[in-house]
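Here is how the chains run, residue by residue.
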Amino acid sequence: MPLSQAPLPLLEHALGEAIKKLDLDPSLAQITPTNNQRFGDYQTNAALIAAKELKSNPRDLANQLIAELDLEDYCDPPEVAGAGFINFRLKKNFLEQQVASLLHDPRLGIPLSASPRTIVIDFSSPNVAKPMHVGHIRSTILGESLLRIARFLGHRVISDNHLGDWGTQFGKVIYGLKNLPPQAELAEESPIEKLVRLYRQVTTLEREDAQLRDVVRKELLKLQQGDCENRKLWEEVVTLSWREFEKQYALLGVSFDEHLGESFYHEALQPLVQRLLLQGIAKRSQGAVVIFFPHHPTLHDKPFLIQKSDGAFLYATTDLATLEYRVTRWHPDAIWYVCGAPQQLHFEQLFESSRRLGFHLELRHIAFGSILGEDRKMMKTRSGDNIELGSLLQEAIDRAWKIIDEKNPLFSQEEKKKIAQIVGLGALKYADLMQHRMTDYVFSWEKMLAFQGNTAPYLQNAYVRSRSIFRKDESLQSFFPSTLLLDEEVERTLALQLLQFAEVIPNVLVDARPNILCLALYELATKFHRFYEECPILKAEKKVKESRLALTEITSRMLQLGLNLLGIDVPEKM
RNA sequence: GCACUCGUAGCUCAAUUGGAUAGAGCGCUGCCCUCCGAAGGCAGAGGUUGUGGGUUCAAUUCCCGCCGAGUGCACCA
């Protein structure tokens, strides 16, 4: 029997053999889990699809396939149902053995990728000296999760935080540092708060004073031309900001292999533009340098501006230079950009341009929708500002603390603090990840922190419940039954879910959708709860007790692993 | 004007990428702790998947038209 513990490859292999014997299209050897127990555990639509090509009867074809199928080691005899579906139901003792073997497998049956790739993931990308807003939060959480999953599957992943450290905000901040009086009453503010305050003050002042805008622009120009004083201020600002970001990333459990900001590519921009002009990829137009896509179906009327008429470079220029650098530095098979949906046009243009430059790797914009307030508009504070990451994280922790304090007042202060962090931040991350990434979703503290429904606290609680039984009795820690007993329907249902977990993880990366993993975890927790209610463990007879403990053990490890792949921690008590 | 994304239960969202009777949570109506965490579980009510066509044995999913929402489109990032 093959090493893989997931049933799907076994079934597909057997189906493939049968298809070969009947001389049908080998790509039809596809099997999916059923969505309803009535139809067994797995189904294939192969006969339906093949019958269409051959213009024959699908049910007859299905019966012919079944006759050639050799899977009696692990499957009850398959049945033809409906229009020509073939339904498979795993044998009880096969299920029992396979699930038992998960006990010895630290990967819980999840195979390494057969074709590991080198992937650069670009995510988070906050702007230095500007408050991080909700868009960055989604990018950070989503990016980190994809990174963890890709690494777990054996890919070589480089995470690169493309900091906005060279933008127009520096004109404002430098002007503010030079000209705005220090405010005594705010002496206690942190350096980063001061930068944000200056940024906002200058933004406000500019709105009323057109002349000031020119002064601010000149400060930026001076910086970019290498002015000594501005350069020094810039360095301080970048260092301070990064130190602050690092604190927040540590809290979130996020880390980067690189954080090469826009400034890193500054020197490369002029030569890049020259080269693009020389190769005829870009053209001069109205004083600026532009890439056109005259033959592209949707981009023909959407020029890509890479140098302004005043000589300054743009976002697009830096992104092209960055792409080029990454290709030569890492030789990646893919670069993924975790960035909001509004920038889809930009990435389409960027990718099209890079193909013209001769880069033919996979370039993927992993877009996501907006986070909305209860009023269904982009989430803002009451005063209309963007919500800052720091305050959001703190509120999540504070709210979780209140709930824990209410439910478990006897926990020590230290325990409460630790649990509040795990639960609060977990809830925040999970609320984001469980959503289909393209949907704009309404942010709600009540919902994400609820113990009912598809939330992190619900999953964390399932984990806590599963661990609590092992605290009852230390001797329960070491047991490894070589096979299980799955006599109750709820046990079988749980066992199947445990086995199918391995099939879910690789699917997450197909379309960069951690919400598939969330759904699997939620179903796992639900099925576990049902099992835990219905099946007594400690009182059960020895063999049954061991089997049920094993199910509990595997469930808790799977919840922990799955949440970890989402960047979410689990508490032992809550 | 062009492009992108979306429209599913009263509300917030799913639907394993074209499969069988469209599922959860909240809210609503009832149940279940002399048993490991009730921070849980069970059952019920709730739907013409915005709308009209098309492709298919099969469409929430793919194609076209309309209606509605959000976002973006030459010197911000």
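Residue numbering note: each chain is counted from 1, following its sequence as written. To label them, take the chains in the order written and letter them from A, then take the ligands in the order written and number them from 1. At least 70 in pLDDT is required for a residue's local features to be given in this predicted model, at least 80 for side-chain atom pairs to be given and counted, and no such filter applies to totals for whole chains, interfaces and linings, which use all residues. Just so you know, side-chain values use all the structure's heavy atoms and leave hydrogens and water out.

## Some words on the protein's contact with RNA strand B
For step 1, the next point in the chain: Neighbouring RNA strand B are 69 residues; Arg38, Asn408, Arg465, Arg513 and Met574 lie closest to it.
For step 2, the next point in the chain: Within 4 Å of the protein, the atoms of RNA strand B are drawn from sugar and phosphate moieties in a proportion of 57%.
For step 3, the next point in the chain: With respect to RNA strand B, the side chain of Gln435 contributes an N or O atom lying 3.1 Å from a sugar or linking oxygen.
For step 4, the next point in the chain: Here a polar contact is taken to be a pair of N or O atoms separated by no more than 3.5 Å, where protein atoms must pair a possible hydrogen donor with a possible acceptor and residues adjacent in sequence count only if both atoms sit in side chains. Between RNA strand B and His436 there is a distance of 2.9 Å, counted from a phosphate oxygen to a backbone nitrogen or oxygen.
For step 5, the next point in the chain: Residue assignment for the surface near RNA strand B shows that the elements contributing at least two residues are helix 2 (46-54), strand 4 (85-88), strand 8 (288-291), helix 12 (344-356), strand 13 (441-442), helix 16 (456-472) and helix 18 (515-534).
For step 6, the next point in the chain: A class-by-class count of the residues in the surface near RNA strand B yields 29 nonpolar, 22 polar and 18 charged. For this purpose, a residue is taken to be near a molecule or strand whenever a single non-hydrogen atom of the residue falls within 4 Å of it. Only DSSP runs of H or I with at least four residues qualify as helices, and only runs of E with at least two residues qualify as strands; both kinds are numbered from the N terminus onward. Polar here means any residue outside two lists: the nonpolar Ala, Val, Leu, Ile, Met, Phe, Trp, Tyr, Cys and Pro, and the charged Asp, Glu, Lys and Arg; Gly therefore counts as polar.

## Focus on the packing of aromatic side chains
For step 1, the next point in the chain: The criterion for an aromatic pair is that two Phe, Tyr or Trp rings (for Trp, the six-membered ring) have centres within 6.5 Å, with stacked assigned to planes under 30 degrees apart, edge-to-face to planes over 60 apart and tilted to the rest. Under the counting rule described, the total for this entry stands at 17 aromatic pairs.
For step 2, the next point in the chain: Ring centres of Phe443 and Trp445 lie 5.0 Å apart, and the angle between their planes is 85°; on these two criteria the pair is classed as edge-to-face.
For step 3, the next point in the chain: Three exposure classes are used, based on accessible area relative to the maximum for each residue type with a 1.4 Å probe and protein chains only: buried under 20%, partly exposed in between, and exposed over 50%. Judged by its relative accessible area of 7%, Phe443 falls in the buried class.
For step 4, the next point in the chain: The exposure class of Trp445 is buried, given its relative accessible area of 10%.
For step 5, the next point in the chain: What links up through ring pairs into an aromatic cluster is the set Phe123, Trp242, Phe245, Tyr249 and Phe256.
For step 6, the next point in the chain: Between the NZ or CZ atom of Arg107 and the centre of the ring of Phe152, over which it lies, the distance is 4.2 Å. Two conditions define a charge located above a ring, namely a distance within 6 Å from the ring centre to NZ of Lys or CZ of Arg, and an angle within 35 degrees of the ring normal.

## A word on the sheet that holds strand 6 (residues 156-160)
For step 1, the next point in the chain: Strand pairing requires that DSSP identify at least two bridges connecting the strands. Strands sit in the order 6-5-10-11 across an open sheet of four strands; the sheet is parallel. Looking at the sheet topology across the chains shown, the edges are occupied by strand 6 and strand 11 (362-366). Geometrically, the sheet is characterised by an average inter-axis angle of 20° between neighbouring strands, direction not taken into account.
For step 2, the next point in the chain: Pairing between strand 5 (residues 118-122) and strand 6: five bridges, direction parallel. In the strand pairing of strand 6, Asp122 is matched with Asp160.
For step 3, the next point in the chain: This element, helix 12, spans strand 10 (334-338) and strand 11 of the sheet and lies at about 175° to strand 11. Axis lines are fitted to C-alpha atoms, over the contacting stretch for helices. Their N-to-C directions set the angle, which ranges from 0 to 180 degrees. Two residues form a contact once any of their heavy atoms are found within 4.5 Å.

## Some points on helix 12
For step 1, the next point in the chain: Each residue after the first adds 1.5 Å to the expected span of a helix. The end-to-end C-alpha distance of helix 12, which contains 13 residues, comes to 19 Å, matching closely the 18 Å that a straight helix rising 1.5 Å per residue would cover.
For step 2, the next point in the chain: All of the buried residues in helix 12 are His346, Phe347, Gln349, Leu350, Phe351, Glu352, Ser353 and Ser354.
For step 3, the next point in the chain: Of the surrounding elements, those touching the buried residues of helix 12 are strand 8, strand 9 (304-307), helix 11 (315-330), strand 10 and strand 11.
For step 4, the next point in the chain: In the stretch just after helix 12, Gly358 is the one whose phi turns positive, near 100°.

## Considerations on the packing of helix 6 (residues 169-179) against helix 9 (residues 228-252)
Axis angle and axis distance: for two packed helices, these are the angle between their axes and the distance between the axes, and together they describe the pair.
For step 1, the next point in the chain: Across the interface, helix 6 lies against helix 9 with an axial gap of 10 Å and an inter-helix angle of 105°. Between helix 6 and helix 9, the angle falls in the class roughly perpendicular. Here Phe170, Val173, Ile174, Leu177 and Lys178 of helix 6 come into contact with helix 9, specifically with Glu229, Asn230, Leu233, Trp234, Val237 and Val238.
For step 2, the next point in the chain: Residue classes in the contact of helix 6 with helix 9 are distributed as eight nonpolar, one polar and two charged. Orientation categories follow fixed angle ranges, with anything under 35 degrees roughly parallel, anything over 145 roughly antiparallel, 65 to 115 roughly perpendicular, and all other angles oblique.

## A few points about empty space enclosed by the protein
For step 1, the next point in the chain: A 1.4 Å probe that fits into a set of points on a 1 Å grid over the protein atoms alone but cannot get out defines a cavity; an open set with protein on both sides within 12 Å along at least five of seven lines defines a pocket, and lining residues are those with an atom within 4 Å of a point. Grid points are joined across faces, edges and corners, and a volume is the space filled by probe spheres set on the points. Applying the stated criterion across every chain, the model contains three cavities of 30 Å³ or more.
For step 2, the next point in the chain: Taken as a whole, the largest cavity spans an internal volume of roughly 70 Å³.
For step 3, the next point in the chain: Around the largest cavity sit Arg138, Leu142, Phe368, Asp432, Leu433, Gln435, Arg437, Pro514 and Asn515, which together line it.
For step 4, the next point in the chain: Broken down by secondary-structure element, the contributors of at least two residues to the lining of the largest cavity are helix 5 (134-152) and helix 14 (413-433).
For step 5, the next point in the chain: In the lining of the largest cavity, the residues fall into four nonpolar, two polar and three charged.

## Points about the sheet that holds strand 4
For step 1, the next point in the chain: Reading across the sheet, the four strands line up as 1-2-4-3 and stay open at both edges, with antiparallel pairing between neighbours. The strands lining the two open edges of the sheet, one partner per strand, are strand 1 (32-33) and strand 3 (79-81).
For step 2, the next point in the chain: Of the pairings in the sheet, the one linking strand 1 to strand 2 (residues 42-44) comprises two bridges and is antiparallel in character. Bridging from a neighbouring strand, Pro33 pairs with Tyr42 of strand 2.

## Comments concerning the side chain of Arg437
For step 1, the next point in the chain: Within the secondary structure layout, Arg437 lies in the loop between helix 14 and strand 13.
For step 2, the next point in the chain: Owing to a relative accessible area of 10%, Arg437 belongs among the buried residues under this scheme.
For step 3, the next point in the chain: A polar contact is formed between the side chain of Arg437 and the backbone oxygen of Asp511, at a distance of 3.0 Å.
For step 4, the next point in the chain: Sequence-distant contacts of Arg437, defined by excluding residues within four places in its chain, comprise Arg138, Leu142, Ile366, Ala367, Phe368, Gly369, Asp511, Ala512 and Arg513.

## With respect to the packing of helix 13 (residues 389-407) against helix 14
For step 1, the next point in the chain: Look at helix 13 against helix 14: their axes get within 7 Å of each other, and the N-to-C directions meet at 125°. Judged by the inter-axis angle, helix 13 sits oblique to helix 14. The interaxial crossing formed by helix 13 with helix 14 has right-handed handedness. Here Leu392, Leu393, Ala396, Ile397, Ala400, Trp401, Ile404 and Asp405 of helix 13 lie close against helix 14, whose contacting residues are Gln413, Lys416, Lys417, Ile419, Ala420, Gln421, Val423, Gly424, Leu425 and Leu428.
For step 2, the next point in the chain: Class assignment of the residues belonging to the contact of helix 13 with helix 14 gives a composition of twelve nonpolar, three polar and three charged. Each crossing is labelled by how the near helix is turned from the far one, with a counterclockwise turn of less than a right angle marking it left-handed and a clockwise turn marking it right-handed.

## A word on the domain arrangement of chain A
For step 1, the next point in the chain: In terms of domain boundaries, chain A breaks down into domain 1 (7-90), domain 2 (91-110 + 398-574), domain 3 (118-162 + 259-366) and domain 4 (169-252).
For step 2, the next point in the chain: Domain boundaries shown here were taken from an automatic or database domain assignment. Each of domain 1 and domain 2 has a C-alpha centre, and the two are 32 Å apart.
For step 3, the next point in the chain: Taken together, the contacts link 14 residues of domain 1 with eleven residues of domain 2.
For step 4, the next point in the chain: What gets called buried area is simply the loss in accessible area from a 1.4 Å probe that two parts show on being joined, summed for both. The junction of domain 1 with domain 2 conceals about 1,000 Å² of combined surface from both sides, 49% of it contributed by carbon and sulfur atoms.

## Some thoughts on the pattern of salt bridges
Pairing between side chains of opposite charge can happen when their charged atoms approach one another.
For step 1, the next point in the chain: Salt bridge, as applied in this entry: a Lys or Arg side-chain nitrogen positioned within 4 Å of an Asp or Glu carboxyl oxygen. Throughout the structure, instances matching the rule amount to 31 salt bridges.
For step 2, the next point in the chain: A salt bridge links Arg326 to Asp122; the shortest N-O distance between them is 3.0 Å. Here the residue Arg326 occupies a position in helix 11, and Asp122 occupies one in strand 5, the gap between them amounting to 204 residues. Asp122 carries the same exposure label as Arg326, and that label is buried.
For step 3, the next point in the chain: Where Glu219 meets Lys222, a salt bridge forms, and the shortest distance between an N and an O atom there is 4.0 Å.

## Topic: the environment of Pro303
For step 1, the next point in the chain: Among the secondary structure elements, Pro303 is positioned in the loop between strand 8 and strand 9.
For step 2, the next point in the chain: With relative accessibility at 45%, the residue Pro303 sits in the partly exposed group.
For step 3, the next point in the chain: Between the C-alpha atoms of Pro303 and Phe292, which are eleven residues apart in sequence, the distance is 5.0 Å.

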